[in-house]
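# Survey of secondary and tertiary structure
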Protein chains: 4
Amino acid sequence: MKSTAANSFGHAGPHRNEGARQAVLDAADDLLVERGFAGVTMEGIATKAGVAKQTIYRWWKSKVDVLLDNLEQDGEMALAWPVSDATPTDRLISQLTRIENFLHSEAAGKVMQALIGQALHDRETAQKFREGFLFNQRKRDLAGLREVLEELDCAPKDERVLEELLDQIIGPIHYRSLVLGQRSDQELLVRSVEAMLRDAQVRVQR
Amino acid sequence: MKSTAANSFGHAGPHRNEGARQAVLDAADDLLVERGFAGVTMEGIATKAGVAKQTIYRWWKSKVDVLLDNLEQDGEMALAWPVSDATPTDRLISQLTRIENFLHSEAAGKVMQALIGQALHDRETAQKFREGFLFNQRKRDLAGLREVLEELDCAPKDERVLEELLDQIIGPIHYRSLVLGQRSDQELLVRSVEAMLRDAQVRVQR
Amino acid sequence: MKSTAANSFGHAGPHRNEGARQAVLDAADDLLVERGFAGVTMEGIATKAGVAKQTIYRWWKSKVDVLLDNLEQDGEMALAWPVSDATPTDRLISQLTRIENFLHSEAAGKVMQALIGQALHDRETAQKFREGFLFNQRKRDLAGLREVLEELDCAPKDERVLEELLDQIIGPIHYRSLVLGQRSDQELLVRSVEAMLRDAQVRVQR
Amino acid sequence: MKSTAANSFGHAGPHRNEGARQAVLDAADDLLVERGFAGVTMEGIATKAGVAKQTIYRWWKSKVDVLLDNLEQDGEMALAWPVSDATPTDRLISQLTRIENFLHSEAAGKVMQALIGQALHDRETAQKFREGFLFNQRKRDLAGLREVLEELDCAPKDERVLEELLDQIIGPIHYRSLVLGQRSDQELLVRSVEAMLRDAQVRVQR
DNA sequence: CTGTAAGCGAGACGGTACGTCTAGTCTTTTA
DNA sequence: TAAAAGACTAGACGTACCGTCTCGCTTACAG
């Protein structure tokens, strides 16, 4: 606790006020949960966060940017592959469960759904969402999956095949969640992984 | 040519003006393609269609309703399983191709993406979209898939398993399209169907 | 009581809502008296009048236009030369008194002072103020003065001289009011008129 | 010449930076000429002067104070009664001409018009303007006029009469300039002085 | 065969949020 | 300790749409 104590909140100096930053992120998140995406407005965030609109515009270009900032903060933590000594299959199932739970989680899941929704409306949002979050997460998932498959001796050489195998398991989860609006139960995830592993073995033998 | 001549357009009588209806649907579609979802506004539609705002509100509750009306008209046609004497597998692949093409089509695909996007923002849109379009289409696809699997002697008894098998093939396509923003090539669709059929056979043997 | 009764106020049709118009004019006037010129804002007027900002912008370009509208309504009435059987000199003094009182009146005087103030800040306001109010009033005052001088047999032939004579009596009043912030008492006005009449006679003899 | 070297400009020491002061005054004046009164903003002055906003607020309460500072500097010099051996009447006419020219001068005249304009909007500005500039100038003009009248043997005993005589000549000039937006030509000034002198003589005989 | 009721184009209305601008305050860092 | 730099809260600016409304016209059907 040194000089940073001065910036606890309240007023600010020439450097960025960290308290204001977090207040904005939290306010946006709260509004999304309480009132949905249309209820997230720059004015609403400002009021709720006790912050001037100009302060938001100084650091973020739009409400989408604010939400994306939230997602980058929360999502990368919640979707990391944890260190584990479980069997490869179990580790894979457990990651799939983590993804499914994340998609339906109260705060972070709503943010992600809102951003995917907006990405479908707006090309620029799509790009930001993918580059700011999705592709990073995808890299981590591909690496995790590769490790699992290597332990099971069915890792493909071709990276594109690995991507196909990943999409075989996460595609249906997302489709059910985002499009159908349905959760995927544990059994389904297990069968999905089994089917994919069978396919991986078939492919590797060719 | 009797009473319809009066309703050709221009002005109207006590019955609904069909010209105005189509002009509204077309204007909404055009605006979506030209300016994206945010560019579709009630005022914009009214101006472009040469129609009073009140006329739109008389027949549709919101711009989402207008777009959904469009989708119901176009989508059900473009996604029907055609009568064909091809092999079951080929028919399945061809339907999958049809879906993939539809998702990326200029007009109808944009409408569908916009509606899915809005469904992710708004519960009510989600419900309308599913009940007005998605569930109907899903029923047709489930019936088509069942027929294919029956011919291949691997149709499951349980309807829920059939749904899982359907999601195995359409889930990844949608995920790539909606979330990753990538097209799925023909090869991928073929391998996807093969993997699903293998899984169906495994399941039916149990 | 015919069809116009429908537009008493509340909501409006495709024609201008007279109630809203008057509410805006009154709100602007009230704000000016209560809070001064800086306290007259488009938002404040809108709130006080119970009117949407867009409604103000639809009919007036700026708050200056609103105030000018007020002045045109009030000023032309308060500064008219009334029909009178008093002596010419008395009529002139009485008009001068009327002007002096007007300049210091609660509502209309404040509006006029505000507009002259703004005219000194902004060329466009100056032009509007002059063309919308000042020059009309000046014409009436010149006509009134000419009549008075004719009855006293000292009306100049040259219009420019007439203007000079007018400015001899109204210039000091305005200077004291606008620049010095002082009222001119009745005695002063009387002496001012006497001096001017003496000058008019001198001039006419040449 | 010791510590002043440090205060040459750029950065500053513990004492007031004279360079900054002048830069602020000049910037305000420039902005007024270039963009009008509304274009004179604290931010604009700060930017143009290369000075921090806080520095302005440290020494002046508002932009009006800055402009008034300018006027006090320039106005008192430009409006002084010079020593002259001309006839009294000519000296008076020449002072009147000086005033008229000042009101229409590029820099100082604009400042004065702006301040009078703002004084009409705001009581506090009015007071500052009068006490900081106007009343001082008026004292000088009254003294000058008294001297002229004494030489012509028609100086009134009553100071209030002297003020009235002054307003007879400067009132119309200001009215034409500030309200009508018109210049007064030399001839007019001459006739105005003649009329006033005639009135002074009439009054003194009573 | 005529009134009446509905659909229609037009557009004014009260609102909400937008993104920008400036005000005036405060804090940090430099000299 | 003055000054430059600039982040901060506050609030008005003028614009764009929202969804509701009123108007005046046109036209189909009912009495």
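Residues numbered from 1 in each chain as written. Chains lettered and ligands numbered in written order. Predicted model: local features only at pLDDT ≥ 70, side-chain atom pairs only at ≥ 80, totals over all residues. Heavy atoms only, no water.

### Let's talk about the overall build of chain A
What counts here: We count a stretch as a helix when DSSP gives it H or I for four or more residues in a row; a strand needs E for two or more, and each element gets its number in order from the N terminus. Remark: exposure states derive from per-residue accessible area (1.4 Å probe, protein chains only) relative to the maximum for the residue type, with buried under 20%, exposed over 50%, and partly exposed in between. A 1.4 Å probe and the Shrake-Rupley method give the accessible areas. Residues count as covered only by the protein chains that appear here.
Scanning chain A for helices and strands turns up nine helices and zero strands. Tracing chain A from N to C terminus, the helices and strands come up as α-α-α-α-α-α-α-α-α. Dimensions of chain A, computed from the C-alpha atoms along their principal axes, are close to 65 × 40 × 30 Å. Within chain A, buried positions represent 51% of all 206 residues. If you sum the accessible surface of chain A, you get close to 10,100 Å²; carbon and sulfur atoms cover 52% of it.

### Quick notes on the interface of chain C and chain D
The condition that has to hold: Only heavy atoms matter for contacts: two residues are in contact if any of them lie within 4.5 Å across the pair. What counts as buried area is the accessible surface, traced by a 1.4 Å probe, that two parts surrender upon association, with contributions from both included. Take a side-chain nitrogen of Lys or Arg and a carboxyl oxygen of Asp or Glu: if they are within 4 Å of each other, that pair is a salt bridge.
Taken together, the contact pairs 38 residues of chain C with 38 residues of chain D. Between chain C and chain D lies a buried interface of about 3,500 Å² when both sides are counted; carbon and sulfur atoms form 56% of it. Among the residues chain C hides against chain D, the three largest losses belong to Leu120(C), His121(C) and Tyr175(C). Together they make up 20% of the total. At the boundary of chain C with chain D, the tally comes to eight salt bridges.

### Let's talk about the relation of the copies chain C and chain D
To keep things clear, this is the line we draw: Residues below a pLDDT of 70 in either copy are left out; the C-alpha atoms of the rest, at least 70 in both, set the least-squares superposition of the copies.
By a simple turn and slide, chain C fits onto chain D: the slide is 0.0 Å along the axis, the RMSD is 0.1 Å, and the turn is 180°. Seen this way, the second copy is the image of the first under a two-fold rotation axis. For chain C, the residue whose C-alpha comes nearest the rotation axis is Gly117(C), separated from it by 1.9 Å. Mapped onto chain D, 100% of the interface residues of chain C are again interface residues, and the two copies thus contact each other with one and the same surface.

### A few points about helix α7 (residues 123-151) of chain C
Rule in force here: Multiplying 1.5 Å by the residue count of a helix minus one yields the expected span of that helix. One axis fitted to the seven residues ending at a residue, another fitted to the seven starting there: the angle between these axes is the bend at that residue.
With 29 residues, α7(C) extends 39 Å between its outermost C-alpha atoms, agreeing within 8% with the 42 Å of an ideal straight helix rising 1.5 Å per residue. Of all the bends in α7(C), the greatest, near 50°, is centred on Arg130(C).

### Quick notes on the relation of the copies chain B and chain A
Rotating chain B by 180° and moving it 0.0 Å along the rotation axis overlays it on chain A with an RMSD of 0.1 Å. Comparing contact sets, 100% of the residues at the interface of chain B also lie at the interface in chain A, consistent with an isologous, same-surface contact.

### Quick notes on the arrangement of the chains
Separated in space, chain A and chain C share no contact, their closest pair of C-alpha atoms being 16 Å apart. Between chain B and chain D there is no contact; the minimum C-alpha to C-alpha separation amounts to 35 Å.

### Let's talk about the interface of chain B and chain A
Applied cut-off: The definition of a polar contact used here is a pair of N or O atoms within 3.5 Å, where within protein one atom must be able to donate a hydrogen and the other to accept one, and adjacent residues in sequence count solely through side-chain atom pairs. By the convention adopted, Pro, Cys, Tyr, Trp, Phe, Met, Ile, Leu, Val and Ala count as nonpolar, Lys, Arg, Asp and Glu as charged, and the other residues, Gly among them, as polar.
Every contact between the two is made by 38 residues of chain B and, on the other side, 38 residues of chain A. Around 3,500 Å² of area is buried between chain B and chain A when both sides are counted, 56% of it from carbon and sulfur atoms. The largest share of the area that chain B buries against chain A comes from Leu120(B), His121(B) and Tyr175(B), three residues that together contribute 20% of it. Counting across the chain B and chain A interface gives eight salt bridges. A salt bridge links Arg176(A) to Asp167(B); its shortest N-O distance comes to 2.5 Å. Run the count over chain B and chain A and you get 16 residue pairs in polar contact (both at pLDDT 80 or more). Elements represented by at least two residues in the side of chain B that touches chain A include exactly α6 (108-121), α7 (123-151), α8 (159-180) and α9 (186-205) of chain B. Here the side of chain B that touches chain A is built from residues that sort into 16 nonpolar, eight polar and 14 charged.

### Quick word on the packing of helix α1 (residues 18-35) of chain D against helix α2 (residues 42-49) of chain D
Residue and element names in this part refer to chain D. To keep things clear, this is the line we draw: Angles run from 0 to 180 degrees between N-to-C directions of axes, and those axes are lines fitted to C-alpha atoms, restricted for helices to the stretch in contact. Just so you know how the angles are binned, under 35 degrees is roughly parallel, over 145 roughly antiparallel, 65 to 115 roughly perpendicular, and the rest oblique. If you view the pair so one helix is near and one far, a crossing is left-handed when the near helix is turned anticlockwise from the far one by less than a right angle, and right-handed when it is turned clockwise.
Contact pair α1 / α2: the axes reach a minimum separation of 8 Å and the direction vectors enclose 120°. Taken together, the axes of α1 and α2 are oblique relative to one another. As for the relative orientation of α1 and α2, their crossing is right-handed in sense. Counted together, Ala23, Val24, Ala27, Ala28, Asp30, Leu31 and Glu34 of α1 and Gly44, Ile45, Lys48 and Ala49 of α2 form the full contact between these two elements. A class-by-class count of the residues in the contact of α1 with α2 yields seven nonpolar, one polar and three charged.

### Comments concerning the packing of aromatic side chains
How two aromatic rings sit relative to each other is given by the distance of their centres and the angle of their planes. Residues and elements named next belong to chain A. Selection rule: Classification of ring pairs uses Phe, Tyr and Trp, with its six-membered ring standing for Trp, and accepts pairs whose centres are within 6.5 Å; under 30 degrees between planes counts as stacked, over 60 as edge-to-face, and the remaining range as tilted. By definition here, charges over rings are those cases where NZ of Lys or CZ of Arg is within 6 Å of the ring centre and within 35 degrees of the ring normal.
All chains considered together, the criterion is met by four aromatic pairs over all chains. Look at Phe129 and Phe133: their rings are 5.9 Å apart centre to centre, the planes differ by 35°, and that puts the pair in the tilted class. Here the residue Phe129 and the residue Phe133 both occupy positions in helix α7 (residues 123-151), the gap between them amounting to four residues, near one helical turn. For Phe133, a relative accessible area of 1% puts it in the buried group. Seen from the ring of Trp60, Arg16 lies directly overhead, with NZ or CZ sitting 5.0 Å from the centre.

### A word on the domain arrangement of chain A
Residues and elements named next belong to chain A. Applicable threshold: For every domain, the bounds stem from an assignment made automatically or drawn from a database.
Split by domain assignment, chain A resolves into domain 1 (10-62) and domain 2 (79-204). Measuring from the centre of the C-alpha atoms in domain 1 to the corresponding centre in domain 2 gives 31 Å. Facing five residues of domain 1, the contacting portion of domain 2 comprises seven residues. Carbon and sulfur atoms make up 66% of the surface buried where domain 1 meets domain 2, a total of about 550 Å² over both sides. When the buried area of domain 1 at its contact with domain 2 is split by residue, Leu32, Val33 and Phe37 rank highest and sum to 68% of it.

### Some remarks on helix α6 (residues 108-121) of chain C
Here α6(C) spans 20 Å end to end across 14 residues, near enough to the 20 Å set by a 1.5 Å rise per residue. With 13 of 14 residues buried, α6(C) is to be regarded as a mostly interior element.

### Points about the environment of Ile56(D)
All names here are of chain D. Note on placement: Ile56 falls in helix α3 (residues 53-59). The exposure class assigned to Ile56 is buried, which follows from its relative accessible area of 0%. When the C-alpha positions of Ile56 and Asp153 are compared, they lie 51 Å apart, and in sequence the two are 97 residues distant. For Ile56, the contacting residues outside a window of four places in its chain are Val24, Met42, Ile45, Ala46, Val51 and Val66.

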